[in-house]
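Below are the chains, spelled out letter by letter.
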Amino acid sequence: PGQWGGIRTHWVSANDSLIFRNVVMEYGGGGLGLSDIPAGDLRYGTIGHVNTCQGTILLDAVTLRESRLYGVATACALTMTNSVITQAYGAGVISTGGDTRVTGSRISSSGWGLEVTGSATLVDVRGTRITGNFGRAVVTNVLSLNALQDLPADSLLGNASDVIEVQGNGNLTTRDLFLDR
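First things first, this report covers the structure right here in the doc. (Residues numbered from 1 in each chain as written. Predicted model: local features only at pLDDT ≥ 70, side-chain atom pairs only at ≥ 80, totals over all residues. Heavy atoms only, no water.)

Before going further, it helps to examine the overall build of the protein chain. When helices and strands are tallied, the protein chain shows one helix and 15 strands. Across the 181 residues in the protein chain, those meeting the buried criterion constitute 50%. Put simply, 49% of the contacts in the protein chain that link residues at least 6 apart link residues at least 24 apart. In the structure as shown, the protein chain presents an accessible area of about 8,200 Å², 49% of it carried by carbon and sulfur atoms. (Helix = DSSP H or I, 4+ residues; strand = E, 2+ residues; numbered from the N terminus. Buried < 20%, exposed > 50% of the residue type's maximum accessible area, 1.4 Å probe, protein only. Contact = heavy atoms within 4.5 Å. Areas by Shrake-Rupley, 256 points an atom, 1.4 Å probe, with all protein chains shown as cover.)

What follows is the structure in C-alpha cells.
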C-alpha cells in the first residue's frame, strides 16, 4: 500500500461534482510514513480531500484496494454507489462535511468501515455491507442515525467490533434508537 500519493481534491466548488466511474485504484495514499500523518488529515486517502469543499464527490462502480490510510477521505458531499473499498489501513470511508450517501456498496477488510462525523450527515446507506473490518463497523454523529435504520443488522456483521459508535452531541428520538433485525 501507498505506492503512489493518491488523488487529491483541492477545490470542488458549489454545484460542481468530481466524478469517478468504472475505475479501479490500488495502492494509493502514500507520501508519508504512517506515524508521520497528522491525526484527522484527510489528504492521505486513495481519494483524499485537501481544502474547503462545497461540491460533491461521486463514485460509481469504483473499486479502491490496499490504501495506505483511507480509501476515501473528504469534507465534500459524497455519493458512492455500487462501489467496493477493501484493505484500507484506516477507514474505508471518512466523511466530515456535506451529505453522505453510500448505497449498494461494500466496505471490508479495512481498519474500520464508515466514519461520518463533523458536519457531515449520513443520508442513505441502503444496500451497503460493512463487514470484515479490523475495528468498528460505523462511527457516526447523532444526525446520521436515522439513515442507519434502513440497513439490515446483518450488513454490519463480521467486524472486529460490530458496533455503531456515536460521537458528538445531539437529541436522540425514538426512531434514532431503532434498528430493524
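Next comes the rest of the account.
Applying the stated criterion to the full structure yields four salt bridges. The closest approach of N and O atoms between Arg21 and Asp60, which form a salt bridge, is 3.1 Å. On the criterion of sequence distance, the pair formed by Arg21 in strand S2 (residues 17-26) and Asp60 in strand S4 (residues 56-65) is long-range, its members being 39 residues apart. Of the charged contacts, one joins Arg136 and Glu165 as a salt bridge, the two residues approaching to 3.3 Å between their closest N and O atoms. Residue Arg136 is found in strand S14 (residues 136-141), and its partner Glu165 is found in strand S15 (residues 161-167); the two are separated by 29 residues along the sequence. Overall, the relative accessible area of 27% leaves Arg136 in the partly exposed class. (Salt bridge = Lys/Arg side-chain N within 4 Å of Asp/Glu carboxyl O.)

Turning to the nonpolar core, a few remarks are in order. Leu59, Leu64 and Leu114 are the most contacted members of the largest nonpolar core, which has 30 residues in total. Every element with two or more residues in this core is listed here: S2, S4, strand S6 (77-81), strand S11 (112-116), S14 and helix H1 (145-148). Leu64 has contacts with Met25, Thr46, Ile47, Leu59, Gly71, Val72, Val84, Ile85 and Thr86, leaving out every residue within four places of it along the chain. One finds Leu69, Tyr70, Ala73 and Ile94 within the second-largest nonpolar core, a separate group that totals five residues. (Core = buried A, V, L, I, M, F, W, Y, C linked by side-chain atoms within 4.5 Å.)

Unlike most non-glycine residues, Asn22 shows phi in positive territory, near 55 degrees. Relative to the elements of secondary structure, Asn22 occurs in strand S2. A residue is classified by how much of its surface remains accessible, and Asn22, at 61% relative accessible area, is exposed.

Evaluation of the coordinates by the stated rule reveals zero aromatic pairs. Lying over the aromatic face of Trp112, Arg136 brings its terminal NZ or CZ to 5.7 Å of the ring centre. (Phe/Tyr/Trp six-rings, centres within 6.5 Å; stacked < 30°, edge-to-face > 60°. Lys NZ or Arg CZ within 6 Å of the ring centre and 35° of its normal.)

For the rest of this paragraph, the subject is the sheet that holds strand S5 (residues 70-74). Across the sheet, seven strands lie side by side as S1-S3-S5-S8-S11-S14-S15; this open sheet has parallel pairing. Unpaired on one side and paired on the other, strand S1 (7-9) and S15 mark the two borders of the sheet. Across the sheet, the axes of successive neighbouring strands diverge by a mean angle of 5 degrees, strand direction being ignored. Of the pairings in the sheet, the one linking S14 to S15 comprises five bridges and is parallel in character. By the bridge assignment for S15, Val139 is matched with Glu165. (Pairing = 2+ DSSP bridges. Axes fitted to C-alpha atoms, helices over the stretch in contact; angles between N-to-C directions.)

Tracing the backbone shows Thr56 in strand S4. Each C-alpha atom, one on Thr56 and one on Ala75, is 9.3 Å from the other, the two residues being 19 residues apart in sequence. Apart from the residues within four sequence positions on either side, Thr56 is in contact with Val12, Asp16, Ser17, Leu18, Ala77 and Thr79.

Turning to the environment of Ser161, a few remarks are in order. Position of Ser161 relative to the elements: it lies in strand S15. Here Ser161 falls in the partly exposed class, since its relative accessible area comes to 26%. For Ser161, the residues in contact, after removing those within four places along its chain, are Gly135, Arg136 and Ala137.

Once that is clear, we can look at the side chain of Ser110. If you trace the backbone, Ser110 turns up in the loop between strand S10 (106-108) and S11. Separated by 3.5 Å, the side chain of Ser110 and the backbone nitrogen of Gln87 make a polar contact. Every residue in contact with Ser110, bar those within four places of it in the chain, is listed here: Ile85, Thr86, Gln87, Ala88, Gly90, Gly92, Gly132, Asn133, Phe134 and Gly135. (Polar contact = N/O pair within 3.5 Å; in protein donor to acceptor, adjacent residues only side chain to side chain.)

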